[in-house]
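Next come the chains, spelled out residue by residue.
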Amino acid sequence: LGMLLMTQARLLEITFYAIGFALCGALVVGLLRHGQRPARRQGQRRILDYSRALRFTTLGYTACTAFVVYAAWHAHPRQHLVAALVAGGFVLFALFWLYQVFFVHIAYDNNYLYYHSPLAGEHAIPWDDLLDIGFSRAIGSHYLVTSSVRRIWCFPMLQGYAELGEFLANRFPPTDQEEGT
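Residues numbered from 1 in each chain as written. Predicted model: local features only at pLDDT ≥ 70, side-chain atom pairs only at ≥ 80, totals over all residues. Heavy atoms only, no water.

Trainee: Quick question: what am I supposed to make of the overall build of the protein chain here?
Mentor: Per the secondary structure count, the protein chain includes five helices and eight strands. The secondary structure elements of the protein chain, listed N-terminal to C-terminal, are α-β-β-α-α-β-β-β-β-β-β-α-α. Looking at the 181 residues of the protein chain, the share that counts as buried comes to 30%. Excluding contacts between residues fewer than 6 apart, the proportion of contacts in the protein chain whose partners are at least 24 apart in sequence is 50%. When the accessible surface of the protein chain is split by element, carbon and sulfur atoms take 64% of a total near 12400 Å². (Helix = DSSP H or I, 4+ residues; strand = E, 2+ residues; numbered from the N terminus. Buried < 20%, exposed > 50% of the residue type's maximum accessible area, 1.4 Å probe, protein only. Contact = heavy atoms within 4.5 Å. Areas by Shrake-Rupley, 256 points an atom, 1.4 Å probe, with all protein chains shown as cover.)

So, in structure tokens, the structure goes:
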């Protein structure tokens, strides 16, 4: 009987893990689809921003991070280092997303890229000042390098992300060398 109960408990645990992974996967797919939505318009300016769903998810992640920090604080003394490293990673990621989602603003029109953040300030960057368009595999995001702002991160969850990609591809067509030919 004990073995049967253990097997049932293990089956229940696996079921909960599977449901959790499926829900997380659905959440990620849903948030990425928001990047396929067009940018909000203000006159000729296209404004890239994050959806309410992503803002809510970011706040939820931050709340979960608080729980991770609490759990790390109460870890067994032999696990303090590992717990602190894990909690530190959660905190850094949460702070990065809070900053990116709530405080960074990106917009563009045919003449300028507009960027505002508390650390970099407000910039109207002519497209001629665009130095590079890159992609970070580590972060899974494109970035724009300009002469006045080091890197402007453009995450796939931005509403208008695909639209910006089309705009950049039309304005700065890839050379034969970039295409790998």
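Trainee: Could you clarify how one ought to interpret the side chain of Thr65 in this entry?
Mentor: Looking at where Thr65 falls in the secondary structure, it is placed in helix α2 (residues 52-73). Dropping the residues within four chain positions of it, Thr65 is found in contact with Phe90, Val91 and Ala94.

Trainee: Got a minute to help me understand the sheet that holds strand β7 (residues 141-146) in this structure?
Mentor: Where strands meet in a sheet, backbone hydrogen bonds hold them as pairs that are either parallel or antiparallel. Judged by pairing direction, the sheet is antiparallel, and its three strands sit side by side in the order β6-β7-β8 without closing on themselves. Each edge of the open sheet carries a strand with a single partner, namely β6 (130-136) and β8 (152-154). The mean angle between the axes of side-by-side strands here comes to 25°, regardless of whether they run parallel or antiparallel. Note: β6 against β7, six bridges, orientation antiparallel. Paired with Ile133 across the bridge in β7 is Leu144. (Pairing = 2+ DSSP bridges. Axes fitted to C-alpha atoms, helices over the stretch in contact; angles between N-to-C directions.)

Trainee: How do you make sense of the packing of aromatic side chains when you look at a structure like this?
Mentor: Two aromatic rings are characterised by how far apart their centres lie and by the angle between their planes. Taken as a whole, this structure holds 15 aromatic pairs when the rule is applied. Measuring from centroid to centroid gives 5.3 Å for Tyr61 and Phe93, while their planes differ by 80°, and the two rings are edge-to-face. Residue Tyr61 is located in helix α2, and its partner Phe93 is located in helix α3 (residues 80-103); the two are separated by 32 residues in the primary sequence. Here the guanidinium or amino end of Arg45 rests over the ring plane of Tyr114, the centre of that ring lying 3.5 Å away. (Phe/Tyr/Trp six-rings, centres within 6.5 Å; stacked < 30°, edge-to-face > 60°. Lys NZ or Arg CZ within 6 Å of the ring centre and 35° of its normal.)

Trainee: Hey, could you run me through the environment of Leu168 in this one?
Mentor: Residue placement: Leu168 occurs in helix α4 (residues 161-171). Between the C-alpha atoms of Leu168 and Trp127, which are 41 residues apart in sequence, the distance is 9.8 Å.

Trainee: Help me out: how do you make sense of the sheet that holds strand β1 (residues 40-42) in this one?
Mentor: If you walk across this open sheet you meet the five strands as β1-β2-β3-β4-β5, and the pairing is antiparallel. Edge positions in the sheet fall to β1 and β5 (121-126), since each of these pairs with one other strand and no more. Neighbour-to-neighbour, the strand axes of the sheet open up by a mean angle of 20°, direction not taken into account. As paired elements, strand β4 (residues 112-117) and β5 share six bridges and run antiparallel to each other. Across the sheet, the residue bridging to Tyr112 is Pro126, located in β5. Contacts from α4 reach β1, β2 (45-48) and β3 (105-108), with the element oriented near 130° to β2.

Just distances and angles here, no functional claims.
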